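# Coordinate inspection notes
This is what each chain is made of:
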Amino acid sequence: MDKYPDQKRAVQYLHPPIDPFDQRMLDVGQGHRIYMEQCGNPKGIPVVVLHGGPGGGCSPAMRRYFDPDVYRVILFDQRGCGRSRPHASVTDNTTWHLVADVERLRTLLDIDDWIVFGGSWGATLALIYAQAHPDRVARLVLRGVFLATLAELDWFYGGGAGKFWPEQWAKFTALLTEDELSDTIRAYNKRLFSGDRATEILYARAWSTWENALASVHAPGGVGESPGEYARAFARLENHYFINGAFLEKDGQILDQMDKIAHIPGHIVQGRYDMICPPQAAWKLAERWPTAELKMVRNAGHALSEPGISAELVRIMDRVAEGVA
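Residues numbered from 1 in each chain as written. Predicted model: local features only at pLDDT ≥ 70, side-chain atom pairs only at ≥ 80, totals over all residues. Heavy atoms only, no water.

On to the pattern of salt bridges. Side chains that differ in sign of charge can pair as their charged atoms come close. Taken as a whole and assessed by the stated rule, the structure comprises 16 salt bridges. Among the salt bridges present, the one from Asp77 reaches Arg83, with a minimum N-O distance of 3.2 Å. Residue Arg83 is classed as partly exposed on the basis of its relative accessible area, which comes to 34%. Where Glu200 meets Arg232, a salt bridge forms, and the shortest distance between an N and an O atom there is 2.7 Å. Separated by 32 residues along the polypeptide, Glu200 in helix 6 (residues 197-213) and Arg232 in helix 7 (residues 228-243) bring together distant segments of the chain. Look at Glu200 and you get buried, because its relative accessible area is 4%. (Salt bridge = Lys/Arg side-chain N within 4 Å of Asp/Glu carboxyl O. Buried < 20%, exposed > 50% of the residue type's maximum accessible area, 1.4 Å probe, protein only. Helix = DSSP H or I, 4+ residues; strand = E, 2+ residues; numbered from the N terminus.)

Take a look at the structure:
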């Protein structure tokens, strides 16, 4: 037995692989079609999974955090990413379009209320959706909290995280001029939306590599390049959302509106050494949320695949299934 449980590989904590019983493309308007799938028990406890990014897409591994005999698991690729179409499109692609898409899914699937499960940007979207539709959320399960504040963006794209990863920060900023270092999000925006596919992919890979290098506490720092089209969608959507402040009305909006969901049970799982979304945001969120429990996972960074984080998320969902959470 390992001395420290979180030194195991994350997959050891997950439920066995399963296939969807329902897969389809849904027309959500404005020319967008999103990929959606359902797996597990069609009559089980409904849970919707909100992936990160924006622009990341869902994966088969995300199905495995839930007991398939107990849960009806709904996953979908948000606008512009994964299997949704048009790929890498930011037209009619805002936080409020995504909130409407989540609610459209719930109505389509004839679900009264559901558990909302999300990490990183998925946690952001989960909170915003819950604040918009508090009567439709039975419980929130969040990982790697991102509150979409200017301070968080400045930490990751303004050089804060770069003080811990100077070699990776140097690679991220090498494609920019000295004058552009004061606003790397805007500088990358010009290239990611230049209209030249080669330039967009070059900068998209650099953007994605910077984030991927810091995702795991165990990462050596050197990561391979993402496939060009995946990186292009991921980087364009992230940049689009970040340069627009996640389309919120004001900085700090999520914390300011926590009274709307103070009654909803919640679970926050946060890596102690998360370099992408530092734990301060999770701590502040828990302070404003009396019905939530916060679990700081030692020896863990940001990624869903961190063993300690996966173990805690599966434990939470198993406890909820047993009615003891």
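This part is about helix 5 (residues 184-192). Every buried residue belonging to helix 5 is among Thr184, Ile185, Ala187, Tyr188, Arg191 and Leu192, and all of these are buried. Down the axis of helix 5, the buried side of the element spans an arc of 160 degrees, and every buried residue falls inside it. Where the residues of helix 5 are buried, they touch helix 3 (150-157), helix 4 (166-173), helix 6 and helix 7. (Arc of directions from axis to C-beta. Contact = heavy atoms within 4.5 Å.)

Attention now goes to the confidence of the model for the protein. On average, residues of the protein score 95 in pLDDT, and 96% of them reach the 70 mark or higher. Within the model, the stretch residues 1-7 combines pLDDT values under 50 with 10 contacts to residues more than four positions away or in other chains. (pLDDT = per-residue confidence, 0-100.)

Compared with an ideal rise of 1.5 Å per residue, which puts 12 residues at 16 Å, helix 2 (residues 121-132) spans 16 Å between its outermost C-alpha atoms and is within 8% of the ideal. The buried count for helix 2 comes to 11 of 12 residues, which makes it a mostly enclosed element. Restricting attention to buried positions, one finds in helix 2 the residues Trp121, Gly122, Ala123, Thr124, Leu125, Ala126, Leu127, Ile128, Tyr129, Ala130 and Gln131. (Expected span 1.5 Å × (residues − 1).)

Our focus in this paragraph is the packing of aromatic side chains. One pass over the structure, following the stated rule, counts 20 aromatic pairs. An angle of 85 degrees between the planes, with centres 5.4 Å apart, marks the rings of Tyr241 and Phe247 as edge-to-face. Taking relative accessible area as the criterion, Tyr241 reaches 1% and is therefore assigned buried. In textbook terms, an aromatic cluster arises when at least three aromatic residues are bridged by ring pairs, as seen for Phe146, Phe156, Tyr157, Trp169, Phe172, Tyr188, Tyr203, Trp207, Trp210 and Phe242. (Phe/Tyr/Trp six-rings, centres within 6.5 Å; stacked < 30°, edge-to-face > 60°.)

Structurally, the position occupied by Gln253 is in helix 8 (residues 253-256). Non-local contacts of Gln253, meaning those with residues more than four positions away in its chain, are made with Trp96, Gln131 and Leu248.

Moving on, we get to the nonpolar core. In this structure, Leu127, Leu140, Trp207 and Leu285 are the most contacted members of the largest nonpolar core, which totals 73 residues. Those residues in contact with Trp207 that lie beyond four places of it in its chain are Tyr157, Phe172, Ile185, Tyr188, Leu192, Phe234, Ala235, Glu238, Asn239 and Phe242. Counting residues in hydrophobic clusters, the runner-up holds 26 residues, among them Leu75, Val141, Ala300 and Ile316. (Core = buried A, V, L, I, M, F, W, Y, C linked by side-chain atoms within 4.5 Å.)

Let's shift gears to the side chain of Asp22. Along the chain, Asp22 falls in strand 1 (residues 22-29). Accessibility expressed as a relative area gives 14% for Asp22, which makes it buried. A distance of 2.9 Å separates the side chain of Asp22 from the side chain of Arg24, its partner in a polar contact. At 2.8 Å, the side chain of Asp22 and the side chain of Gln38 are in polar contact. (Polar contact = N/O pair within 3.5 Å; in protein donor to acceptor, adjacent residues only side chain to side chain.)

Another point: the state of the cysteines. Tallied over the full model, the rule gives 0 disulfides. Free of any disulfide, Cys58 has its nearest neighbouring cysteine sulfur in Cys81, separated by 8.2 Å. (Disulfide = S-S within 2.5 Å.)

Summarising the element assignment, Asp67 is placed in the loop between strand 3 (45-50) and strand 4 (71-76). Placed 224 residues apart in sequence, Asp67 and Thr291 show a C-alpha to C-alpha distance of 24 Å. The contacts of Asp67, once residues within four sequence positions are left out, are His15 and Asp318. Here the side chain of Asp67 touches Asp69 through a polar contact of 2.9 Å, landing on its backbone nitrogen.

Pairing is mixed across the open sheet formed by 8 strands, whose spatial order is 1-2-4-3-5-6-7-8. Every other strand in the sheet has two partners, leaving strand 1 and strand 8 (292-297) as the edge strands with one partner each. Strand-to-strand, the axes of this sheet are offset by a mean angle of 20 degrees, without reference to chain direction. Bridging between strand 5 (residues 114-119) and strand 6 (residues 137-143) involves 6 bridges; their strand directions are parallel. Note on strand 6: the bridge partner recorded for Ile115 is Arg139. (Pairing = 2+ DSSP bridges. Axes fitted to C-alpha atoms, helices over the stretch in contact; angles between N-to-C directions.)

With that out of the way, let us pick up the packing of helix 5 against helix 6. At a closest axis distance of 8 Å, the pairing of helix 5 and helix 6 adopts a crossing angle of 145 degrees. Across from Ile185, Tyr188, Arg191 and Leu192 in helix 5, the residues of helix 6 making contact are Thr199, Glu200, Tyr203, Ala204, Ala206 and Trp207. A per-class count over the contact of helix 5 with helix 6 returns 7 nonpolar, 1 polar and 2 charged. (Nonpolar A, V, L, I, M, F, W, Y, C, P; charged D, E, K, R; others polar.)

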